[in-house]
Structure formats: C-alpha cells, structure tokens
Amino acid sequence: MSRFISKILRHQPQIIGIEIERTGAWADVNALMEGINAKSKFHIDRPLLEQIVAADGKGRYSFNADGTKIRANQGHSIDVVIQMEHRTPPEFLYHGTAWRFMGSITAKGLLPGTRQFVHLSPDYATAVTVGYRHSKPEQPVVLKIHAGRMAADGYDFMISDNGVWQIAHVPPQYIEITQGEQTDE
Ligand code: HQG
C-alpha cells in the first residue's frame, strides 16, 4: 500500500484520477483515499493512511498543517516544486548503484534520470541499501561523493524534509568508487 501511494504521489497521480499541486507537491487527502478505493485493489481510510505516514521508516510522506493534504517529501518524477533547505553538505556523501551503470556514470557523472534530482545518502550503509534496489542479486557499488569539494566549487546542495540529500548533477571528478567495506571515519 505504501509503495502504491508513493507511486501515485511521486509519479502517476492520474492512475487514480487525482491531481498533484505543482507548488508543494500536495494532493488532497480525501481525493487520494477516494481515488484509491475507487480505482485500485486497495482499501484505505484515514486511520490507515495516518498509520502508513507515521510508520514509514524513511519519513517519505507529510501531511500539511491542517491534515487536509498529503505529499511525498522527495523522489518525484512529475513536475513539482518543493521548498527544500539549501545546506552545506558534509565532506562526503554516498550513492549506491549497480556496476552495470558505471560505464555511463564514469563518463557523464551522476544524472537524475527520470527523477528531479540525484539522491545522495548521508552514510555508507544507507547507500548499500539504495544500491541493492538496482543491483540485486549482485552487490551494489557504493560511490563516495566529494561533497565538501563540490560545495567549495559552488555546487548547490539541498536536503529534503526526510533527510535525503539532493543535487542536480554530480560530475565524474567528484566521484570515487569505494572498494568493499568502509566506514565513515
Ligand atoms: C543511476 C529510493 C547511468 C543511479 C532510494 C540509479 C533513494 C545512472 C539509477 C531514491 C547515471 C536511478 C532514489 C548515469 C545515475 N548513467 N545510470 N549517468 N546517473 N544513474 O531509483 O538514487 O525508497 O531513480 O545510480 O532510497 O537509486 O523510493 O535513483 O541507480 O532515495 O523512497 O540511475 O529512491 O527511495 O535510479 O534512488 P533511481 P536512486 P524510496
């Protein structure tokens, strides 16, 4: 159910016949629930939706102040504008991916693909989990991003409300391929 909601709020609201506001990426909560109930195999009510939002391990969703609207905090492919904090990053951020993408990544750097931004993880372990989504059953490759150097060179980093770092592009010269286990120290 959470995956389905994420698909609706980030990528394809039209599959249940709802709209997402461009500014803020908000969807009307009642429209979302009615759309899901009318046009999918799922059944949802307000308590279940609140439970999904509260229980989400990555804080993927937020309600607005009066609880009438809901959004995904990051990860959109549809054209929305979410206010994100522009923040100086730590010296290193991480990106987990699959080895089969490395030829292209080495040549072009990290590109957002269908999403609005490249997503970077604050730590190695999170990047491993993200990388597995594309590399399974093989081990992912974890890239160490020289974020501090990028920031010093004028690159603009943002962080979503749920703590995912976002950037438009990471050029190849800031990307280091890590070998095996590594800690942040
Ligand atoms: C790769 C999940 C070829 C990139 C996660 C990635 C994340 C390139 C794939 C969030 C490339 C895009 C996003 C290039 C990048 N050539 N491939 N030049 N540049 N790629 O799923 O970062 O669970 O759109 O390495 O936790 O994997 O959905 O991005 O493998 O935060 O909330 O192109 O999705 O969050 O894949 O994951 P994705 P991602 P949720």
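Residues numbered from 1 in each chain as written. Predicted model: local features only at pLDDT ≥ 70, side-chain atom pairs only at ≥ 80, totals over all residues. Heavy atoms only, no water.

Q: If you had to explain the site of the ligand to someone new, which residues and values would you point to?
A: Around the ligand there are 16 residues in total, and Arg10, Lys58, His95, Ser104 and Arg115 lie nearest to it. His95 is positioned with one of its side-chain polar atoms (N or O) 2.6 Å from an oxygen atom of the ligand. A total of 770 Å² of accessible area belongs to the ligand in isolation, and the protein chains cover 84% of it. Looking at the shell around the ligand, the elements that each hand over two or more residues are strand S5 (93-97), helix H4 (102-108) and helix H5 (124-135). It is H5 that contributes the most residues to the shell around the ligand, three residues altogether. Inspection of the shell around the ligand shows a minimum of three residues originating in each of domain 1 (2-72) and domain 2 (85-177). (Near = heavy atom within 4 Å. Polar contact = N/O pair within 3.5 Å; in protein donor to acceptor, adjacent residues only side chain to side chain. Areas by Shrake-Rupley, 256 points an atom, 1.4 Å probe, with all protein chains shown as cover. Helix = DSSP H or I, 4+ residues; strand = E, 2+ residues; numbered from the N terminus. Domains from an automatic or database assignment.)

Q: I'd love a proper account of the domain arrangement of the protein, names of residues and values included.
A: Per the domain assignment, the segments making up the protein are domain 1 (2-72) and domain 2 (85-177). The gap between the C-alpha centroids of domain 1 and domain 2 is 27 Å.

Q: Kindly report on a positive patch on the surface, identifying the contributing residues and their values.
A: There is a patch of like positive charges on the surface, built from Arg3, Lys58, Arg133 and Lys136. For Arg3, the location among the structural elements is in helix H1 (residues 2-10). Arg3 sits in the exposed class, given a relative accessible area of 77%. (Patch = residues over 30% accessible without salt bridge, like charges linked within 9 Å, V, L, I, M, F, W, Y side chains within 5 Å. Salt bridge = Lys/Arg side-chain N within 4 Å of Asp/Glu carboxyl O. Lys, Arg positive; Asp, Glu negative; His and termini not counted. Charge placed at Lys NZ, Arg CZ, Asp CG, Glu CD. Buried < 20%, exposed > 50% of the residue type's maximum accessible area, 1.4 Å probe, protein only.)

Q: Can you break down the pattern of salt bridges residue by residue, with the values?
A: Counting across every chain of the model gives six salt bridges. Notably, a salt bridge pairs Arg46 with Glu50, separated by 2.8 Å at the nearest N-O pair. On the criterion of helical spacing, the pair formed by Arg46 and Glu50 is a turn pair, its members being four residues apart in helix H3 (residues 46-55). The class for Arg46 is partly exposed, based on a relative accessible area of 28%. The exposure class assigned to Glu50 is partly exposed, which follows from its relative accessible area of 38%. Ionic pairing is found between Arg87 and Glu85, a salt bridge with its closest N-O pair at 2.9 Å. With a relative accessible area of 38%, Arg87 lands in the partly exposed category.

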